[in-house]
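Coordinate analysis (summary)
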Amino acid sequence: MKLRALILCPPDFVARVFPSSVTEMILASADLPWPVLDPARWREAGPVLREADVIFSTWGMPSLDAEFLAAAPALRAVFYAAGSVKGFVTDAGWERGIVVSSAWAANGVPVAEFSMAAILLSLKRFWHFSRSARSDAPRLNDLHVPGAYRTKVGLVSLGAVGRATAQMLAPFDVLRFAYDPFLPPEQAAKLGVSLVPLDELFRECDVVSLHAPWIPQTERMITGSLIASMKEGATLINTSRGAVVAEDEMIGVLERRPDLSAVLDVTYPEPAAPDSPLRSLPNVVLTPHIAGSMQGECARMGSWQADELRRFVAGEPLHHEVSRAMLAHMA
């Protein structure tokens, strides 16, 4: 008999994360005997929740606390079609042996694509020239323009997004460096990336792209002194979390160093305060957290989790399972 799957998804996200193409993939491995359930109303779905063997969910997944677990006695696995699972996993869930898989790697694909595009544009000093071209004729020969030939690109953290970004940069003629104290050197070597200390990365690279998770050890890790040490015309890109940067110190450096650029898809707090200098500094490009999965890209997360269900049913190792031990180093 096939497993019984329940989709818990806010109404606004159903068409994006679980379109028909994804539900067809789920149906190849499990039954979907119930309509999609709004997770905010799970307490009203007693009989349904009691019989569900596996749950597919996304943003808005309820906490796997004692109340929820008592209402779902048959539950064996949660396939989470979004990123961080820290908002819903609990000790009670781990102790009951609930398998948790996350689409964090799928959500990282568009972040890596955004990062790669921003890196290449930064190497051409696109942000500066796009501003100057509006006001006067750009003085092309007066500025240092690194370009994408044998120049140095630095990645802070080689988790899923950092690795994907490194791989996307591989076809280009740039030198790839990274800071990641948890990555064995042999794995970096396989990626063609050179591991260096954080201060060297900032001092030597023409572009530094941040991919570190926001955990206690990384909060305000990127200090003003690191940013101040960057080369003339260098660019800082942040698509991870705003809190990994000492934002007040960064603002001070950017005010003193108009030659530097910052491409910030995330801030802390988010969005940036209405009176934040980040909104008015000419050398800051601010975007509203758009690097991650948006609209049609969200279906990738659902499809990757449908693939995980197929492996689960077949007794194969999952590709994106999250363990309790992994949480210490994950966002």
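Shown above is the structure to which this text applies.
Residues numbered from 1 in each chain as written. Predicted model: local features only at pLDDT ≥ 70, side-chain atom pairs only at ≥ 80, totals over all residues. Heavy atoms only, no water.

1. Topic: the nonpolar core
Which entries qualify depends on this criterion: By nonpolar core we mean a set of buried residues, namely Ala, Val, Leu, Ile, Met, Phe, Trp, Tyr and Cys, connected to one another through side-chain atoms within 4.5 Å. The rule is simple: take the accessible area with a 1.4 Å probe, protein chains only, and divide by the maximum for that residue type; under 20% is buried, over 50% is exposed, in between is partly exposed. Starting at the N terminus, helices and strands are each numbered in turn, a helix being any DSSP run of H or I of at least four residues and a strand any DSSP run of E of at least two.
By size, the foremost hydrophobic cluster in this structure holds 29 residues, and its most contacted members are V156, L201, F202, V208, L210 and I227. Residue assignment for this core shows that the elements contributing at least two residues are α10 (198-204), β9 (207-210), α11 (224-228), α12 (247-256) and β11 (261-264). When residues of this core are assigned to their parent elements, the largest contribution, 4 residues, is made by α12. Counting residues in each nonpolar core, the second largest holds 27 residues, with L49, I55, A72 and V322 among its members.

2. With respect to the pairing of strand β10 (residues 235-238)
Keep this limit in mind: A pair of strands is treated as paired once DSSP finds two or more bridges between them. A clockwise path from the first strand over the helix to the second, with the strands pointing away from the viewer, defines a right-handed crossover.
By the alternation rule, side chains of β10 split into T235 and I237 and L236 and N238, which are all buried. Note: β10 against β11, 4 bridges, orientation parallel. Bridge assignment links L236 to a residue of β11, and that residue is A262. For the crossover from β10 across α12 to β11, the handedness is right-handed.

3. Considerations on the packing of aromatic side chains
So the rule is basically this: Any two of the Phe, Tyr and Trp rings considered here, Trp counted by its six-membered ring, make a pair once their centres fall within 6.5 Å; the pair's planes then place it as stacked at under 30 degrees, edge-to-face at over 60, or tilted in between.
Tallying each qualifying case throughout the model produces 8 aromatic pairs. Where F13 meets W59, the ring centres are 5.2 Å apart and the plane angle is 65 degrees; that geometry is what we call edge-to-face. Of the two residues, F13 sits in the loop between β1 (3-8) and α1 (14-17) while W59 sits in the loop between β3 (54-57) and α4 (66-71), which places them 46 residues apart along the sequence. By relative accessible area, which is 28% here, W59 ends up partly exposed. Note on W42 and F68: the rings are 4.9 Å apart at their centroids and 65 degrees apart in plane angle, and the pair reads as edge-to-face. Placement of the pair is W42 in the loop between β2 (30-31) and α3 (46-51) and F68 in helix α4, with a sequence separation of 26 residues. Of the two residues, W42 and F68, neither departs from the other in class, the shared state being buried. Taken together, the aromatic side chains of F18, F56, F79 and F312 make up a single cluster linked through ring pairs.

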